[in-house]
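Coordinate inspection notes
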Amino acid sequence: MRSQFVRVAAATVIGLLLLSLFIPAVTWLFLIVLPLVGLGVYDMVQTKHTIRRNFPILGHGRYLLEMIRPEINQYFVESNTDGMPFSREDRSLVYQRAKGVLDTVPFGTQSNLYEPGAEWMHHSMAPIHLEDEPRVLIGEGRADHPYSLSVLNISAMSYGSLGSTAIAALNRGAKKGAFAHNTGEGGISHYHLHGGDLIWQIGTGYFGCRTERGTFDPERFAENARQSSVKMIEIKLSQGAKPGHGGILPASKVTPEIARIRGVSLGRDVLSPPGHSAFSTPRGLLEFIDELRKLSGGKPVGFKLCVGKWREFLGVVKAMRETGSCPDFITVDGAEGGTGAAPLEFSNSLGQPMTEGLVFVHNALVGADLREKIKVIASGKIITGFDIARALALGADACYSARGMMMALGCIQARRCNSNDCPAGVATMAPELTVGLVVEEKAPRVASYHKETVESFLELMGAAGIDHPRKLRPWHIIRRVTFAETRHYGQLFEFLDSGALLRGQLSEAYARAWTLADPDTFESATELTSRGLPVVQAS
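Residues numbered from 1 in each chain as written. Predicted model: local features only at pLDDT ≥ 70, side-chain atom pairs only at ≥ 80, totals over all residues. Heavy atoms only, no water.

1. A look at the environment of Pro256
- Along the chain, Pro256 turns up in helix α9 (residues 256-262).
- Taking the C-alpha atoms as reference points, Pro256 and Gly267, eleven residues apart in sequence, are found 9.5 Å from one another. (Helix = DSSP H or I, 4+ residues; strand = E, 2+ residues; numbered from the N terminus.)

Set out below in structure tokens:
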């Protein structure tokens, strides 16, 4: 406390002065004592930190321990199955597969299989062996250049969010493993151009295809989209970490190179607008998709969203039915979030988790007889073969992984992605940190993680006696809901029959959302009615 510090400091200084009269060498101790006394005095007079003001010098210990608290938890407190968002067991699996070392576990599972939330697959008494990864053809029948997509790909992470060496290593890994690398909304940098197939993401900031005013520039888009490395275009409507918020790149990460690539100013946070300026209605979104497909030379175009209001998505579905125009794919991002910096309220309390969002999007397309025309990609905490199997059983055709790929690069889950001081050199633009990530060493690890995870997925399918991912169904995945009760996903969620939306054979939730859905506006029926505007009813 303050009074104790004053007494101890005074006694120490006086004692050293007296002792130095007899032992001159003691005066060297003043080089240690006086700075500490000065620090204590400063702590007492400063007004920002109560703990330091009340406990001079000792108060710094609290902030030191708080600073290293995540590391203490991770290395000394958590068990192998604890830890969020990924347990040590999950992280170790990624590291082992990335390095190509032993990834089996001895002495049985460490998970409690009788705890609610435990999940597993039913296996078959007639298992089969699968060797070749089944690919997913995107854009068939609509795009001039359909793309054969892996079941596991690199999720959207922008250059700027991730450093130059991380982006280069991911792209080289994608080339080596023959899977796709989503650029994120930050545009295409030369670090993306190491031979890996790109999915170019277009966000609300239109980075890489924007005018000086920040609106969409068709000519710049066509120039970038026609690069041979760009295989698909993804329009980002929202992302799971912060749906409806827009991207955030802190000013500390905005280098001159980033500013040039994105077409923004130095010294300021780069904040993408919450919504798009190129369209404002469901029908407008489809028109924009058609425009991008044409400008890109006929490459597959789709959109990504974290599911929110059902009627808005169903408005897009109605627009598809009326116009005959469809995206080539839809990416469903879960509210589980990812590497993106997000306000706590958005990260914790906005948007649907991937499972609910994926089931709804699949149902909407099946119910409108559109599912066979559109591929669905799932994104949300996917790092294992079982994660892939579960997503495909719920309606996805392929998956993205962000944090799994980061861990393959060496991410240690330090959770400093938003502060530019990532110790692993992954989510940082600081040269003194990115230099520690060696591209030639990490790129093969990305490819190895992908290869072994896809192989584990195929082994699970084979054990279940399933010879193709299209045959995975909700009832193949079981979840414990109580100690004495289990249910498969077909019992946990409502799944619509083909054409059910068109025939009106719906539960109350789907019937209401389908009735309120409007292909010409994202606004609610209540607001339209209050303004004297007509409301489109379900046909």
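Here the narrative resumes, following the displayed structure.
2. Some points on the packing of aromatic side chains
- Tallied over the full model, the rule gives 13 aromatic pairs.
- Geometrically, the ring pair formed by Trp310 and Tyr510 is tilted, given 4.6 Å between the ring centres and 40 degrees between the ring planes. Here Trp310, found in helix α11 (residues 310-323), pairs with Tyr510, found in helix α20 (residues 508-516); they are 200 residues apart in sequence, far enough to count as distant.
- By relative accessible area, which is 25% here, Trp310 ends up partly exposed.
- For Tyr510, a relative accessible area of 4% puts it in the buried group. (Phe/Tyr/Trp six-rings, centres within 6.5 Å; stacked < 30°, edge-to-face > 60°. Buried < 20%, exposed > 50% of the residue type's maximum accessible area, 1.4 Å probe, protein only.)

3. Structural notes on helix α1 (residues 2-22)
- With 21 residues, α1 extends 31 Å between its outermost C-alpha atoms, agreeing within 8% with the 30 Å of an ideal straight helix rising 1.5 Å per residue.
- The complete set of buried residues in α1 reads Phe5, Ala9, Leu16 and Ser20. Within α1, the buried residues cover an arc of 40 degrees as seen down the axis, which keeps them to one side. Among the exposed residues of α1, those pointing more than 90 degrees away from its buried face are Arg7, Ala11, Leu21 and Phe22.
- Packed against the buried residues of α1 are α2 (30-45). (Expected span 1.5 Å × (residues − 1). Arc of directions from axis to C-beta. Contact = heavy atoms within 4.5 Å.)

4. Brief notes about the sheet that holds strand β15 (residues 485-488)
- Reading across the sheet, the three strands line up as β1-β14-β15 and stay open at both edges, with antiparallel pairing between neighbours. Of all strands in the sheet, those bounded by a partner on one side alone are β1 (119-121) and β15. Within the sheet, the average angular offset between the axes of one strand and its neighbour, ignoring direction, is 30 degrees.
- Along the sheet, helix α14 (residues 385-393) contacts β1 and β14 (477-482); its crossing angle with β1, the most-contacted strand, is approximately 80 degrees. (Pairing = 2+ DSSP bridges. Axes fitted to C-alpha atoms, helices over the stretch in contact; angles between N-to-C directions.)

5. A closer look at the pattern of salt bridges
- Under the counting rule described, the total for this entry stands at 18 salt bridges.
- With its nearest N and O atoms 2.9 Å apart, the salt bridge here joins Glu441 to Arg445. On the criterion of helical spacing, the pair formed by Glu441 and Arg445 is a turn pair, its members being four residues apart in helix α17 (residues 439-463).
- In this structure, the salt-bridge partner of Arg487 is Glu485, at a minimum N-O distance of 2.9 Å.
- Through salt bridges that share partners, Glu119, Asp387, Arg390 and Arg479 make up one connected network. (Salt bridge = Lys/Arg side-chain N within 4 Å of Asp/Glu carboxyl O.)

6. Here's the deal with the confidence of the model for the chain
- This prediction gives the chain a mean pLDDT of 88; 92% of its residues lie at or above 70.
- Ignoring residues within four places in sequence, the model shows residues 535-539, a span with pLDDT below 50, making 14 contacts including any to other chains. (pLDDT = per-residue confidence, 0-100.)

7. Description of the side chain of Asn420
- On the secondary structure map, Asn420 appears in the loop between α15 (403-409) and α16 (431-434).
- Dropping the residues within four chain positions of it, Asn420 is found in contact with Ser252, Lys253, Ala427, Thr428, Met429, Ala430 and Leu433.

8. A few points about the pairing of strand β7 (residues 230-236)
- Within β7, six of the seven residues are buried, which leaves the element mostly enclosed by the surrounding structure.
- With five bridges connecting them, strand β6 (residues 197-202) and β7 associate as parallel partners. Looking across to β7, one finds that Gln201 is bridged to Glu234.
- Viewed along the sheet, the connection from β6 through helix α8 (residues 218-225) into β7 turns out right-handed. (Right-handed = clockwise from strand over helix to strand, strands pointing away.)

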